[in-house]
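As a plain string of letters, each chain reads:
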Amino acid sequence: MAIRLHNTLTRRKEDMVTRDEGAVSIYVCGPTVYNHIHIGNARTFLSFDVIRRYLQWRGFDVYFVQNITDVDDKIIARAAEEGKTAEEVARFYTEAFLDAMRALGVCRPDVQPRATDTIPDMIEMVERLIDRGHAYVVEGDVYFSVRSFPEYGKLSGRDIDELRSGARVDVDERKRDPVDFALWKAAKPGEPHWSSPWGEGRPGWHLECSVMSEKELGPSFDIHGGACDLIFPHHENEIAQSEAATGRPFARYWLHGGLLQIDAEKMSKSLGNFMLLKDVLNDYEPQAVRMLMLQTHYRSPLDFSLERLDEAKAAYERIATLVRNIRWARGTTPAPDGASSDERNRLESQVASTRERFTVEMDDDFNTAGALGALFELARVANTFMAAHPGGLSSADLLALSEVEEALVELIGALGIELAEVNRSSYPPEVVELSKQLAGYEGQDTEAAVEALLAARAAARTERNWAAADAVRDGLSDLGFTIEDTPQGARVSFTPEL
RNA sequence: GGCGACGUGGCCAAGUGGCAAGGCAGGGGCCUGCAAAGCCCUUAUCCCCGGUUCGAAUCCGGGCGUCGCCUCCA
């Protein structure tokens, strides 16, 4: 079964046929580093991280390139505001961006070129465009001649003449045509600048993506991604630059993500209605953020709110709790009899059908919402299986459940959501003091302290001393532990608040 | 005005011709010493009108509404 992609260029879903069989080359537009990225920026990077991970999971050899725009008007403006140099601003927010991506669990691109490291290549492409009659020099600026590229507008469905009449911006009289755009800008005093055949200057924004993608992936590659607000003019201009410079088709498939909205309005730095990713991650686990994004198809708009983030967190915990409960059950002593072989077969066939449906959904233009639906169905079936046998599960039952666990961890992992193992070493030290008070524990080991508390609570419950039992549970609860009673004993889990 | 996306239960959302996934929230029940987790039950004339079809959320036409791009934007 082929993977289907919605291609903005053709406005329909197509079978993915890559340049090299078994390999996928991807270029995704990265951030301009003039501020911390907001949650809307994060959505796009997350979407393409999921696409990349899924293709890898499907066995493709993925080569993923994403630029960092570290020279730009907005960086210069920000530097002026802060009384810093543009280089300082760019360096600071580049680091902040890399930190934020790490915190969200976004895989690093295979190559992550910076615009300022690619200047010679950009100059070379501009020279090529001038040589081929697609660009012209005016007083140190170089412009791309849009009319020299007849296919201009094929991505965004725009018509050059309509663009021209609709141009609202003050027209630069030196341009031969109002729709022409800058490839190279002569530097004003105090701006970052590089030597070029046209004098000291800096590159235009659209240029770097054409240059980097060609340098890293070749003139024709498989997938070019970005958010849909980049379709025009950015991606249209990239196509014009690259195809005019190389004479060869640019990206085969154009994938565009929908925008994140707040109160049904685009989240953007210019509108001022944004939330920074780093602030959101201060209060929420990355898994909750990822779950929220995955519940909506990547091309649809997504209205963001903390309420929805709470819902996504609850949804994530449904899966995480199940996996934790399976792991716990597998640590208990198997019962002599549990489920019937029919029940086990049903569970196992559900695992198989979940894997099947997950793949079908994801192959169809990365339908993460559908894929999650498959996982939740498996969760319900597995929960039902366990609920039907409160008296305990046999070794065979536990083996079947371990297949459920394996599938959930693997499949949700293919979407970039990690189901972490419980880390006992991170138990808080306060538990020792609590155990001393309530269970007479004398040692210093946190894990042993918890064991002592659970033993004390079990004893109290046997004596029907609910006050003593609840004191232990409440004390542990205050430290971030959850105690749940089952017929097989108390189940403890530790989930510290962020 | 041009180009594009979208309109599915209380909220979110998948589904693009054949009995409407899933999550969250609410209500009822079960389990529990009380909880927690979980299970069971429970809520949809798929924006409106017309058309095509044996059959339409899904295709076509018209309307209404929301959003995006057309200017820097993930």
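Residues numbered from 1 in each chain as written. Chains lettered and ligands numbered in written order. Predicted model: local features only at pLDDT ≥ 70, side-chain atom pairs only at ≥ 80, totals over all residues. Heavy atoms only, no water.

1. Re the overall build of chain A
Spelled out, the test is: Runs of H or I in DSSP of at least four residues are treated as helices and runs of E of at least two as strands, each being numbered from the N terminus. Using a 1.4 Å probe on the protein chains alone, a residue whose accessible area is under 20% of its type maximum counts as buried, one over 50% counts as exposed, and one in between counts as partly exposed. For accessible areas, the Shrake-Rupley method is used with a probe of radius 1.4 Å. Any residue's cover is judged against the shown protein chains and nothing else. Neither His nor the chain termini are counted; the positive set is Lys and Arg, and the negative set is Asp and Glu. A charge is said to be at NZ when it belongs to Lys, at CZ for Arg, at CG for Asp and at CD for Glu.
When its secondary structure is counted, chain A shows 16 helices and 15 strands. Overall, chain A is about 90 × 55 × 35 Å in size when its C-alpha atoms are taken along their principal axes. Residues classed as buried in chain A amount to 52% of the 498 residues present. Accessible area of chain A: about 22,500 Å², with a carbon and sulfur share of 48%. Here chain A contributes 55 positively and 82 negatively charged side chains, and the mean placements of these two sets differ by 2 Å.

2. Section: the sheet that holds strand 8 (residues 201–203)
Heads up, the condition is: In this analysis, strands are considered paired if DSSP registers two or more bridges between them. Lines fitted to C-alpha atoms define the axes here, with helix axes fitted over just the stretch in contact, and angles between the N-to-C directions of these axes take values from 0 to 180 degrees.
Strand order in the open sheet formed by four strands is 5-6-7-8, with antiparallel pairing between adjacent strands. In this open sheet, the two edge strands, each paired with only one partner strand, are strand 5 (135–138) and strand 8. Taking each pair of neighbouring strands and ignoring which way they run, the sheet shows an average axis angle of 20°. One ladder, built from four bridges, connects strand 5 with strand 6 (residues 141–144); its direction is antiparallel. Residue pairing for strand 6: tyrosine 136 is matched across the bridge by tyrosine 143.

3. A look at the domain arrangement of chain A
Here is the rule we go by: Domain start and stop positions are those given by an automatic or database domain assignment.
Segmentation of chain A into domains returns domain 1 (4–283), domain 2 (304–414) and domain 3 (424–494). Between the C-alpha centres of domain 1 and domain 3 the distance comes to 55 Å.

4. Quick word on the packing of aromatic side chains
The line we're drawing: Pairing of aromatic side chains here covers Phe, Tyr and the six-membered ring of Trp, requires ring centres within 6.5 Å, and sorts the geometry by plane angle: under 30 degrees stacked, over 60 edge-to-face, intermediate tilted. Charges are assigned to positions over rings by a cutoff of 6 Å between ring centre and Lys NZ or Arg CZ, combined with an angular limit of 35 degrees from the ring normal.
By the definition in use, this model includes 15 aromatic pairs. Ring centres of tryptophan 57 and phenylalanine 358 lie 5.6 Å apart, and the angle between their planes is 80°; this geometry places the pair in the edge-to-face category. In this pair, tryptophan 57 sits in helix 1 (residues 39–57) while phenylalanine 358 sits in helix 11 (residues 341–363), placing the two residues 301 residues apart along the sequence. By way of ring pairs, the aromatic residues Tyr54, Trp57, Tyr298, Phe358 and Phe366 are connected into one cluster. When the ring centre of phenylalanine 232 is taken as origin, the NZ or CZ atom of arginine 158, which lies over that ring, is 4.5 Å away. Sitting above the plane of the tyrosine 136 ring, arginine 176 keeps its charged end 4.0 Å from the centroid.

5. Description of the environment of tyrosine 93
Filter applied, for reference: A contact between two residues is defined here by any heavy atoms of the two lying within 4.5 Å. In protein, a polar contact means a hydrogen-donor-capable atom and an acceptor-capable atom, both N or O and within 3.5 Å, with residues adjacent in sequence counting only if both atoms are side-chain atoms; elsewhere, any N or O pair within 3.5 Å suffices.
Relative to the elements of secondary structure, tyrosine 93 occurs in helix 3 (residues 86–104). Separated by 197 residues in the primary sequence, tyrosine 93 and arginine 290 have C-alpha atoms spaced 22 Å apart. Tyrosine 93 has contacts with Val33, Tyr34, Asn35, His36, Arg78 and Glu82, leaving out every residue within four places of it along the chain. Of the polar contacts made by the side chain of tyrosine 93, one reaches the side chain of arginine 78; its length is 3.0 Å.

6. A short note on the protein's contact with RNA strand B
In plain terms, the rule: Any residue with a non-hydrogen atom lying within 4 Å of a molecule or strand is treated as near it. Lys, Arg, Asp and Glu make up the charged group, whereas Ala, Val, Leu, Ile, Met, Phe, Trp, Tyr, Cys and Pro make up the nonpolar group; the residues left over, Gly among them, are polar.
Close to RNA strand B lie 60 residues; Trp205, Leu230, Lys266, Met267 and Arg308 are nearest. Sugar and phosphate atoms constitute 65% of the interface atoms of RNA strand B, taking the interface as everything within 4 Å of the protein. Serine 156 is positioned such that a nitrogen or oxygen atom in its backbone is 3.1 Å from a sugar or linking oxygen of RNA strand B. Backbone polar atom of histidine 297 to a phosphate oxygen of RNA strand B: 3.1 Å apart, as the coordinates give it. The greatest single-element share of the surface near RNA strand B, amounting to nine residues, is contributed by helix 12 (residues 368–387). Looking at the surface near RNA strand B, its residues break down into 17 nonpolar, 23 polar and 20 charged.

7. Comments concerning the environment of tryptophan 254
Within the secondary structure, tryptophan 254 sits in strand 10 (residues 253–257). You can call tryptophan 254 buried: its relative accessible area is 0%. Those residues within four positions of tryptophan 254 in sequence are excluded, and the remaining contacts are His6, Asn7, Thr8, Leu9, Leu155, His224, His235, Glu238 and Ile239.

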